[in-house]
Amino acid sequence: MAYNEFSLIYDKLMMKDINYMNWYNYIKDIFNKFGKKPNNILEMACGTGNLTEILAKERYNIECFDLSEEMLSIAYEKLRKYKNVSIRNMNMLNFNFNKKFDSIISICDSINYIINIEDLKKTFLNVYNHLDNEGIFIFDINSYYKLSEVIGDNTFVHDEDDVFYTWENEFKDNISNFYLTFFIKENDVYHRFNEFHRERAFHIEEIVLLLKKVGFEKISTFDGLSFERPKEYSTRINFVAIK
Ligand SMILES: C[S@@+](CC[C@H](N)C(=O)[O-])C[C@H]1O[C@@H](n2cnc3c(N)ncnc32)[C@H](O)[C@@H]1O
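Residues numbered from 1 in each chain as written. Predicted model: local features only at pLDDT ≥ 70, side-chain atom pairs only at ≥ 80, totals over all residues. Heavy atoms only, no water.

1. A closer look at the sheet that holds strand S1 (residues 40-44)
Phase 1 of the analysis: One open sheet accounts for 7 strands, arranged S3-S2-S1-S4-S5-S11-S10; its pairing is mixed. Strands with a single pairing partner mark the edges of an open sheet, and in this sheet they are strand S3 (85-89) and strand S10 (218-223). Between one strand axis and the next, the sheet turns through 15° on average, direction left out of account.
Phase 2 of the analysis: Across 3 bridges, S1 lies against strand S4 (residues 101-106) in parallel orientation. (Pairing = 2+ DSSP bridges. Helix = DSSP H or I, 4+ residues; strand = E, 2+ residues; numbered from the N terminus. Axes fitted to C-alpha atoms, helices over the stretch in contact; angles between N-to-C directions.)

Below, the structure is given as C-alpha coordinates:
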(Lines give C-alpha, C1' and ligand atoms only; values in the text may rest on other atoms or scores of the structure.)
Protein backbone atom coordinates (compact mmCIF):
# COMPACT_ATOMS: atom_id res chain seq x y z
CA MET A 1 0.00 0.00 0.00
CA ALA A 2 1.07 3.59 -0.64
CA TYR A 3 1.43 6.48 1.80
CA ASN A 4 1.10 4.62 5.07
CA GLU A 5 4.22 4.81 7.23
CA PHE A 6 5.89 6.77 4.44
CA SER A 7 3.68 9.71 5.44
CA LEU A 8 5.79 10.13 8.61
CA ILE A 9 8.91 11.00 6.60
CA TYR A 10 7.19 12.42 3.50
CA ASP A 11 7.81 16.08 4.39
CA LYS A 12 11.42 15.45 5.36
CA LEU A 13 12.12 13.84 1.99
CA MET A 14 9.99 16.13 -0.17
CA MET A 15 11.32 19.39 1.25
CA LYS A 16 14.72 18.49 -0.19
CA ASP A 17 13.38 18.41 -3.76
CA ILE A 18 10.29 20.54 -3.75
CA ASN A 19 9.84 24.17 -2.89
CA TYR A 20 6.12 24.51 -2.22
CA MET A 21 6.36 28.31 -2.11
CA ASN A 22 7.73 28.31 -5.68
CA TRP A 23 4.90 26.02 -6.66
CA TYR A 24 2.36 28.36 -5.05
CA ASN A 25 3.90 31.33 -6.90
CA TYR A 26 3.57 29.41 -10.16
CA ILE A 27 -0.11 28.73 -9.45
CA LYS A 28 -0.61 32.41 -8.67
CA ASP A 29 1.08 33.27 -11.98
CA ILE A 30 -1.31 30.86 -13.75
CA PHE A 31 -4.30 32.58 -12.12
CA ASN A 32 -2.99 35.94 -13.35
CA LYS A 33 -2.10 34.72 -16.83
CA PHE A 34 -5.60 33.29 -17.29
CA GLY A 35 -7.31 36.28 -15.68
CA LYS A 36 -8.69 34.34 -12.70
CA LYS A 37 -9.19 35.52 -9.14
CA PRO A 38 -10.34 32.36 -7.40
CA ASN A 39 -11.59 32.37 -3.89
CA ASN A 40 -13.04 28.89 -3.39
CA ILE A 41 -10.40 26.31 -4.17
CA LEU A 42 -10.64 22.53 -4.07
CA GLU A 43 -7.30 20.76 -3.71
CA MET A 44 -7.37 17.08 -4.68
CA ALA A 45 -4.79 14.68 -3.22
CA CYS A 46 -3.47 17.32 -0.83
CA GLY A 47 -1.17 14.83 0.91
CA THR A 48 0.36 16.34 4.05
CA GLY A 49 -1.07 19.76 3.20
CA ASN A 50 2.07 21.70 2.26
CA LEU A 51 0.51 23.67 -0.59
CA THR A 52 -2.77 23.81 1.32
CA GLU A 53 -1.15 25.60 4.22
CA ILE A 54 0.31 28.27 1.93
CA LEU A 55 -3.09 28.77 0.29
CA ALA A 56 -4.66 28.99 3.75
CA LYS A 57 -2.17 31.67 4.84
CA GLU A 58 -2.97 33.56 1.64
CA ARG A 59 -6.61 33.58 2.81
CA TYR A 60 -8.19 31.48 0.08
CA ASN A 61 -11.15 29.34 1.13
CA ILE A 62 -10.03 25.77 0.63
CA GLU A 63 -11.52 22.34 0.77
CA CYS A 64 -8.97 19.58 0.37
CA PHE A 65 -8.97 15.82 0.39
CA ASP A 66 -6.72 12.80 0.08
CA LEU A 67 -7.14 9.04 -0.01
CA SER A 68 -4.53 8.32 2.64
CA GLU A 69 -5.64 8.76 6.25
CA GLU A 70 -2.00 8.78 7.33
CA MET A 71 -1.16 11.71 5.03
CA LEU A 72 -4.30 13.50 6.18
CA SER A 73 -3.45 13.16 9.85
CA ILE A 74 -0.16 15.01 9.20
CA ALA A 75 -2.09 17.60 7.15
CA TYR A 76 -4.61 17.98 9.96
CA GLU A 77 -1.90 18.94 12.46
CA LYS A 78 -0.75 21.73 10.12
CA LEU A 79 -4.17 22.94 9.03
CA ARG A 80 -6.39 22.67 12.09
CA LYS A 81 -5.67 26.26 13.12
CA TYR A 82 -7.01 27.72 9.86
CA LYS A 83 -10.72 28.52 9.79
CA ASN A 84 -10.70 28.78 5.98
CA VAL A 85 -9.70 25.13 5.37
CA SER A 86 -11.64 21.92 5.59
CA ILE A 87 -10.12 18.48 5.13
CA ARG A 88 -11.78 15.28 3.98
CA ASN A 89 -10.84 11.70 3.34
CA MET A 90 -12.04 11.11 -0.22
CA ASN A 91 -11.02 9.48 -3.46
CA MET A 92 -10.32 11.44 -6.66
CA LEU A 93 -12.34 8.81 -8.54
CA ASN A 94 -15.64 9.59 -6.82
CA PHE A 95 -15.35 12.66 -4.59
CA ASN A 96 -18.53 14.63 -3.99
CA PHE A 97 -18.96 18.05 -2.39
CA ASN A 98 -22.46 19.06 -3.48
CA LYS A 99 -21.04 22.46 -4.36
CA LYS A 100 -18.92 24.09 -7.05
CA PHE A 101 -15.51 25.73 -6.91
CA ASP A 102 -13.88 28.44 -8.98
CA SER A 103 -10.61 26.51 -9.04
CA ILE A 104 -9.59 22.87 -8.66
CA ILE A 105 -5.93 22.03 -8.16
CA SER A 106 -3.87 18.89 -7.80
CA ILE A 107 -0.09 19.01 -7.64
CA CYS A 108 2.99 16.84 -7.52
CA ASP A 109 2.00 14.04 -9.90
CA SER A 110 -0.97 12.87 -7.86
CA ILE A 111 -2.86 12.37 -11.14
CA ASN A 112 -0.33 9.69 -12.18
CA TYR A 113 -1.70 7.57 -9.31
CA ILE A 114 -4.85 7.04 -11.37
CA ILE A 115 -3.66 4.12 -13.38
CA ASN A 116 -6.69 3.36 -15.50
CA ILE A 117 -7.77 5.63 -18.39
CA GLU A 118 -11.49 5.14 -17.68
CA ASP A 119 -10.91 6.16 -14.06
CA LEU A 120 -9.03 9.24 -15.22
CA LYS A 121 -11.93 10.18 -17.47
CA LYS A 122 -14.32 9.71 -14.53
CA THR A 123 -12.14 11.95 -12.37
CA PHE A 124 -11.95 14.66 -15.04
CA LEU A 125 -15.72 14.57 -15.50
CA ASN A 126 -16.18 14.89 -11.75
CA VAL A 127 -13.78 17.84 -11.70
CA TYR A 128 -15.70 19.43 -14.58
CA ASN A 129 -18.99 19.01 -12.72
CA HIS A 130 -17.52 20.56 -9.56
CA LEU A 131 -16.27 23.67 -11.38
CA ASP A 132 -18.14 26.93 -11.91
CA ASN A 133 -18.45 28.10 -15.50
CA GLU A 134 -15.10 29.65 -16.46
CA GLY A 135 -13.54 27.77 -13.52
CA ILE A 136 -9.89 26.73 -13.79
CA PHE A 137 -8.40 23.25 -13.30
CA ILE A 138 -4.64 23.06 -12.70
CA PHE A 139 -2.64 19.85 -12.36
CA ASP A 140 0.66 18.28 -13.33
CA ILE A 141 1.98 14.86 -14.19
CA ASN A 142 5.31 13.11 -14.23
CA SER A 143 5.98 12.91 -17.97
CA TYR A 144 5.98 9.71 -19.97
CA TYR A 145 9.69 10.31 -20.59
CA LYS A 146 10.45 10.61 -16.86
CA LEU A 147 8.55 7.50 -15.84
CA SER A 148 9.71 5.33 -18.74
CA GLU A 149 13.32 6.53 -19.15
CA VAL A 150 14.57 8.46 -16.14
CA ILE A 151 12.98 6.27 -13.47
CA GLY A 152 12.51 3.37 -15.88
CA ASP A 153 13.85 0.09 -14.49
CA ASN A 154 16.45 1.83 -12.35
CA THR A 155 17.15 1.50 -8.66
CA PHE A 156 17.98 4.48 -6.49
CA VAL A 157 19.46 4.51 -3.01
CA HIS A 158 19.14 7.33 -0.52
CA ASP A 159 21.27 7.38 2.60
CA GLU A 160 21.14 10.36 4.88
CA ASP A 161 21.16 10.91 8.64
CA ASP A 162 18.48 8.68 10.03
CA VAL A 163 16.75 7.70 6.77
CA PHE A 164 17.99 5.03 4.39
CA TYR A 165 15.86 3.77 1.54
CA THR A 166 16.04 1.87 -1.69
CA TRP A 167 13.70 2.70 -4.54
CA GLU A 168 13.50 -0.15 -7.07
CA ASN A 169 11.53 0.47 -10.21
CA GLU A 170 9.99 -1.50 -12.98
CA PHE A 171 8.33 0.09 -16.01
CA LYS A 172 5.87 -2.20 -17.73
CA ASP A 173 2.73 -1.67 -19.84
CA ASN A 174 2.78 2.11 -19.26
CA ILE A 175 2.91 1.63 -15.48
CA SER A 176 5.79 2.48 -13.17
CA ASN A 177 5.94 0.09 -10.24
CA PHE A 178 7.93 1.58 -7.37
CA TYR A 179 9.13 -0.84 -4.68
CA LEU A 180 10.32 1.19 -1.71
CA THR A 181 12.14 -0.20 1.31
CA PHE A 182 12.77 2.23 4.15
CA PHE A 183 15.01 1.98 7.20
CA ILE A 184 14.30 4.76 9.67
CA LYS A 185 16.53 5.22 12.69
CA GLU A 186 14.59 5.44 15.93
CA ASN A 187 16.50 5.38 19.25
CA ASP A 188 19.58 3.85 17.60
CA VAL A 189 17.55 1.06 16.05
CA TYR A 190 16.52 0.94 12.39
CA HIS A 191 12.83 0.36 11.78
CA ARG A 192 12.09 -1.23 8.40
CA PHE A 193 8.95 -0.92 6.30
CA ASN A 194 8.00 -1.34 2.64
CA GLU A 195 5.66 0.51 0.33
CA PHE A 196 4.49 -0.25 -3.17
CA HIS A 197 3.45 2.69 -5.37
CA ARG A 198 2.20 2.67 -8.94
CA GLU A 199 2.14 5.61 -11.33
CA ARG A 200 0.65 5.53 -14.80
CA ALA A 201 2.61 7.15 -17.62
CA PHE A 202 0.38 9.28 -19.85
CA HIS A 203 1.15 10.96 -23.13
CA ILE A 204 0.16 14.63 -23.20
CA GLU A 205 -2.23 14.06 -26.12
CA GLU A 206 -4.10 11.29 -24.23
CA ILE A 207 -4.81 13.67 -21.36
CA VAL A 208 -5.78 16.57 -23.61
CA LEU A 209 -8.21 14.29 -25.45
CA LEU A 210 -9.83 13.15 -22.19
CA LEU A 211 -10.16 16.73 -20.96
CA LYS A 212 -11.87 17.65 -24.23
CA LYS A 213 -14.14 14.60 -24.05
CA VAL A 214 -15.51 15.64 -20.66
CA GLY A 215 -16.15 19.21 -21.88
CA PHE A 216 -13.07 21.36 -21.23
CA GLU A 217 -12.50 23.64 -24.20
CA LYS A 218 -9.46 25.73 -23.44
CA ILE A 219 -6.50 23.53 -22.52
CA SER A 220 -2.86 24.59 -22.13
CA THR A 221 0.22 22.50 -21.40
CA PHE A 222 3.53 23.71 -20.03
CA ASP A 223 7.01 22.40 -19.30
CA GLY A 224 7.53 22.06 -15.53
CA LEU A 225 6.78 25.17 -13.53
CA SER A 226 7.08 27.45 -16.55
CA PHE A 227 5.02 28.87 -19.39
CA GLU A 228 7.13 27.19 -22.05
CA ARG A 229 5.81 24.47 -24.29
CA PRO A 230 6.54 20.91 -23.15
CA LYS A 231 9.71 19.52 -24.68
CA GLU A 232 10.78 16.00 -25.60
CA TYR A 233 12.74 15.69 -22.37
CA SER A 234 10.38 17.53 -20.02
CA THR A 235 10.06 15.61 -16.78
CA ARG A 236 6.99 17.39 -15.45
CA ILE A 237 4.06 18.63 -17.51
CA ASN A 238 1.58 21.17 -16.20
CA PHE A 239 -1.97 21.34 -17.49
CA VAL A 240 -4.42 24.21 -17.26
CA ALA A 241 -8.00 23.58 -18.38
CA ILE A 242 -10.77 26.15 -18.35
CA LYS A 243 -14.45 25.12 -18.19
C1 LIG B 1 3.07 12.52 -4.52
S2 LIG B 1 1.82 12.70 -3.31
C3 LIG B 1 1.45 14.44 -3.51
C4 LIG B 1 0.80 15.02 -2.29
C5 LIG B 1 0.63 16.53 -2.30
N6 LIG B 1 -0.21 16.96 -3.42
C7 LIG B 1 1.94 17.25 -2.33
O8 LIG B 1 2.15 18.09 -3.22
O9 LIG B 1 2.80 17.00 -1.46
C10 LIG B 1 0.43 11.89 -4.04
C11 LIG B 1 -0.80 11.94 -3.16
O12 LIG B 1 -1.91 11.42 -3.92
C13 LIG B 1 -2.76 10.74 -3.02
N14 LIG B 1 -3.65 9.89 -3.82
C15 LIG B 1 -3.31 8.85 -4.63
N16 LIG B 1 -4.40 8.34 -5.20
C17 LIG B 1 -5.46 9.06 -4.76
C18 LIG B 1 -6.87 9.02 -5.03
N19 LIG B 1 -7.38 8.10 -5.85
N20 LIG B 1 -7.66 9.92 -4.42
C21 LIG B 1 -7.14 10.85 -3.57
N22 LIG B 1 -5.81 10.94 -3.28
C23 LIG B 1 -5.00 10.06 -3.88
C24 LIG B 1 -1.81 10.01 -2.12
O25 LIG B 1 -2.41 9.57 -0.93
C26 LIG B 1 -0.74 11.10 -1.91
O27 LIG B 1 -1.02 11.89 -0.78
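2. Examining the site of the ligand
Phase 1 of the analysis: The immediate surroundings of the ligand are formed by 17 residues, with Tyr10, Tyr20, Ala45, Asp66 and Asn91 found nearest.
Phase 2 of the analysis: At 2.6 Å, a side-chain N or O of tyrosine 20 approaches an oxygen atom of the ligand.
Phase 3 of the analysis: Within the side chain of aspartate 66, a nitrogen or oxygen atom sits 2.6 Å from an oxygen atom of the ligand.
Phase 4 of the analysis: Relative to its unbound accessible area of 600 Å², the ligand is 94% covered by the protein chains. (Near = heavy atom within 4 Å. Polar contact = N/O pair within 3.5 Å; in protein donor to acceptor, adjacent residues only side chain to side chain. Areas by Shrake-Rupley, 256 points an atom, 1.4 Å probe, with all protein chains shown as cover.)

3. Quick notes on the pairing of strand S6 (residues 155-160)
Along any regular strand, the residues point their side chains to alternate faces of the sheet.
Phase 1 of the analysis: Direction of pairing for S6 relative to strand S7 (residues 163-172): antiparallel, over a ladder of 6 bridges. Each bridged residue has a counterpart across the sheet, and for histidine 158 the counterpart in S7 is tyrosine 165.
Phase 2 of the analysis: Hairpin connection, S6 to S7: the antiparallel pair is bridged by 2 residues, and aspartate 161 has positive phi, about 45°.

4. Section: helix H7 (residues 204-214)
Phase 1 of the analysis: Here H7 has its buried residues at Ile207, Val208, Leu210, Leu211 and Val214. Taken around the axis of H7, the buried residues stretch over an arc of 160°, which confines them to a single face. Exposed side chains of H7 directed beyond 90 degrees from the buried face belong to Glu205, Lys212 and Lys213.
Phase 2 of the analysis: Among the structural elements, helix H5 (117-129), strand S5 (131-142), S10 and strand S11 (236-242) are those in contact with the buried residues of H7. (Buried < 20%, exposed > 50% of the residue type's maximum accessible area, 1.4 Å probe, protein only. Arc of directions from axis to C-beta. Contact = heavy atoms within 4.5 Å.)

5. Structural notes on the pairing of S5
Phase 1 of the analysis: Within S5, 9 of the 12 residues are buried, which leaves the element mostly enclosed by the surrounding structure.
Phase 2 of the analysis: In this sheet, S5 lies alongside S4 in parallel orientation, the contact comprising 5 bridges. Along S5, the bridge assignment pairs serine 103 with isoleucine 136.
Phase 3 of the analysis: Taken together, S4, H5 and S5 constitute a β-α-β crossover, and its handedness is right-handed. (Right-handed = clockwise from strand over helix to strand, strands pointing away.)

6. Quick word on the domain arrangement of the chain
The figure often quoted for interface size is the accessible area lost as the parts come together.
Phase 1 of the analysis: We note that the domain assignment places domain 1 (7-143 + 201-242) and domain 2 (146-199) within the chain.
Phase 2 of the analysis: Summarising the inter-unit geometry, the C-alpha centres of domain 1 and domain 2 are found 24 Å apart.
Phase 3 of the analysis: Listed per partner, the contact involves 13 residues of domain 1 and 16 residues of domain 2.
Phase 4 of the analysis: A buried area of about 1400 Å², summed over both sides, lies between domain 1 and domain 2, and 59% of it is on carbon and sulfur atoms. (Domains from an automatic or database assignment. Buried area = accessible area lost by both parts, 1.4 Å probe.)

7. Here's the deal with the packing of aromatic side chains
Phase 1 of the analysis: One pass over the full model with this rule turns up 26 aromatic pairs.
Phase 2 of the analysis: Here the aromatic residues Tyr3, Phe6, Tyr10, Tyr113, Tyr165, Phe182 and Phe193 are joined through ring pairs into a cluster of three or more.
Phase 3 of the analysis: One residue, lysine 243, lies across the ring of tyrosine 128, its end atom 4.5 Å from the ring centre. (Phe/Tyr/Trp six-rings, centres within 6.5 Å; stacked < 30°, edge-to-face > 60°. Lys NZ or Arg CZ within 6 Å of the ring centre and 35° of its normal.)

8. Details of the side chain of serine 234
Phase 1 of the analysis: In this structure, serine 234 sits in the loop between S10 and S11.
Phase 2 of the analysis: Assessed through its relative accessible area of 4%, serine 234 is described here as buried.
Phase 3 of the analysis: A polar side-chain atom of serine 234 sits 3.0 Å from a polar atom in the side chain of aspartate 223.
Phase 4 of the analysis: Within polar-contact distance, the side chain of serine 234 engages the backbone nitrogen of lysine 231 at 2.7 Å.

9. Quick word on the packing of helix H2 (residues 20-33) against helix H3 (residues 50-57)
Packed helix pairs are specified by the crossing angle of their axes together with the interaxial distance, meaning the distance between the axes.
Phase 1 of the analysis: H3 packs onto H2 with a crossing angle of 60° between their chain directions and a minimal axis gap of 9 Å. The angle between H2 and H3 falls in the class oblique. H3 is crossed by H2, and the crossing has right-handed handedness. Here Tyr20, Met21, Tyr24 and Ile27 of H2 come into contact with H3, specifically with Asn50, Leu51, Ile54 and Leu55.
Phase 2 of the analysis: Across the contact of H2 with H3, the residue classes break down as 7 nonpolar, 1 polar and no charged. (Parallel < 35°, antiparallel > 145°, perpendicular 65-115°, else oblique. Left-handed = near helix turned anticlockwise from the far one by under 90°. Nonpolar A, V, L, I, M, F, W, Y, C, P; charged D, E, K, R; others polar.)

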